[in-house]
Amino acid sequence: MEIHVRDSFYLTSVRATDKASFLACLNDPSISEAIPALPFPYTEAMADWWIKHRLEFAKDAGAEISFVLRNPDGKLMGSFGVDDFKVGSSHRAEIGYWLAQPYRGQNWASDTLRVFVDYAFANLQLSRLTAHTLASNQASARVLEKCGFKLEGCLRQHTKTKSGLIGTFAYGLLKSD
């Protein structure tokens, strides 16, 4: 499955051949700083596990829920999805995303998130999407707000990072928004 984002850039499922791209992208410490659940350094074993997990989950899910953004040459640029969400199990899902350093600041995150949100509401039986971002990650907060997400609160000292406990912004978007 391919979903057009803009120009010749598109979303696809994770591919078995994406290991080197995941290693290159996710060994950027700025990504694990913004998403503390992502380990750093990101190892080959982690990439192998993630790709296997995504391929198995997609096969069993009946609908794709987690995509990678690719440039016209097929190079992986980032990831957008509602990882491990089982379609039909809930009316809401938590969206997550990251973008490799060379593509930041060029509207790729907001353009891709808009496309993914449209896909999620049309195909995943959702009426609500949520997102969390560290209070220190103003770029991610701007992306969410540009895509129509509303700030619903700040969870103080909510997320443990290498720097300590950080506040986390909670955002939500309704299908009816």
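Just so it is clear, the model here is predicted, and its values are computed rather than measured.

### Overview of the overall build of the protein chain
So, point 1. Tallying secondary structure elements over the protein chain gives 5 helices and 9 strands in all.
So, point 2. In sequence order, the secondary structure elements of the protein chain are arranged as β-β-α-α-α-β-β-β-β-α-β-α-β-β.
So, point 3. Computed over its C-alpha atoms, the radius of gyration of the protein chain comes to 16 Å, within 12% of the 16 Å expected for a compact globule of 177 residues.
So, point 4. With the C-alpha coordinates aligned to their principal axes, the bounding extent of the protein chain is approximately 40 × 35 × 30 Å.
So, point 5. Buried positions account for 47% of the 177 residues belonging to the protein chain.
So, point 6. In the protein chain, once contacts between residues fewer than 6 apart in sequence are set aside, the share between residues at least 24 apart is 62%.
So, point 7. Total accessible area on the protein chain stands at roughly 9,200 Å², and carbon and sulfur atoms take up 52% of it.
So, point 8. Placing the 20 positive and 19 negative side-chain charges of the protein chain at their respective mean positions leaves the two points 4 Å apart.

### Some thoughts on the pattern of salt bridges
So, point 1. What the rule picks out here adds up to 10 salt bridges.
So, point 2. The shortest N-O distance in the salt bridge between Asp-7 and Arg-6 comes to 3.7 Å.
So, point 3. With its nearest N and O atoms 2.6 Å apart, the salt bridge here joins Asp-18 to Arg-70. With Asp-18 in the loop between strand E2 (9–12) and helix H1 (19–26) and Arg-70 in strand E3 (residues 66–70), the pair connects residues that are 52 residues apart, well separated along the chain. The same class applies to Asp-18 as to Arg-70, namely buried.
So, point 4. Linked by salt bridges that have partners in common, Arg-6, Asp-7, Asp-111 and Arg-114 make up one network.

### Description of the nonpolar core
So, point 1. Among the nonpolar cores identified, the biggest contains 53 residues, and Phe-22, Leu-69, Val-82, Leu-113, Leu-124, Leu-129 and Phe-149 are the most heavily contacted of them.
So, point 2. With 9 residues, helix H4 (residues 108–123) is the single largest residue contributor to this core.
So, point 3. In contact with Phe-22, not counting residues within four places along its chain, are Val-14, Asn-27, Tyr-42, Ala-47, Trp-50, Ile-51, Val-68, Leu-76 and Trp-98.

### Details of the sheet that holds strand E7 (residues 128–134)
So, point 1. Pairing is mixed in the open sheet, where 4 strands are placed in the order E5-E7-E9-E8. Two strands in the sheet have a free side with no partner beyond their single neighbour: strand E5 (92–94) and strand E8 (150–161). With strand direction ignored, the average angle separating the axes of adjacent strands in the sheet is 25°.
So, point 2. Direction of pairing for E8 relative to strand E9 (residues 164–174): antiparallel, over a ladder of 8 bridges. Paired with Lys-150 across the two strands is Gly-172, which belongs to E9.
So, point 3. Contacts from H4 reach E7 and E9 within the one sheet, and its direction differs from that of E7 by about 145°.

Procedures and definitions
Chains are numbered independently. Their residues run from 1 in the order of the written sequence. Local features in this predicted model are restricted to residues of pLDDT 70 or higher, and side-chain atom pairs are both shown and tallied only at a pLDDT of 80 or more, whereas totals for entire chains, interfaces and linings draw on every residue. Only hydrogens and water are set aside when side-chain values are computed; all heavy atoms of the structure are taken into account. The secondary structure listing takes helices from DSSP runs of H or I that are at least 4 residues long and strands from runs of E that are at least 2 residues long, numbered from the N terminus. We compute the radius of gyration over the C-alpha atoms and compare it with the globule rule, which gives 2.2 Å times the number of residues raised to the power 0.38. Burial classes: relative accessible area under 20% of the type maximum marks a residue as buried, over 50% as exposed, and values in between as partly exposed (1.4 Å probe, protein chains only). We call two residues in contact whenever any of their non-hydrogen atoms come within 4.5 Å of each other. Per-residue accessibility takes into account occlusion by the displayed protein chains alone, with areas from the Shrake-Rupley method and a 1.4 Å probe. The charged-residue count follows a simple rule in which Lys and Arg add positive charge and Asp and Glu add negative charge, with His and chain termini not counted at all. Where a charge sits is defined by one atom per residue type, namely NZ (Lys), CZ (Arg), CG (Asp) or CD (Glu). Just to be clear on terms, a salt bridge is a Lys or Arg side-chain nitrogen sitting within 4 Å of an Asp or Glu carboxyl oxygen. What is meant by a nonpolar core is a set of buried Ala, Val, Leu, Ile, Met, Phe, Trp, Tyr and Cys residues, joined one to another through side-chain atoms within 4.5 Å. The rule for pairing is simple: two strands pair if DSSP sees at least two bridges between them. Each axis is a line fitted through C-alpha atoms, and for a helix only the stretch in contact is used; angles between axes span 0 to 180 degrees, taken between their N-to-C directions.

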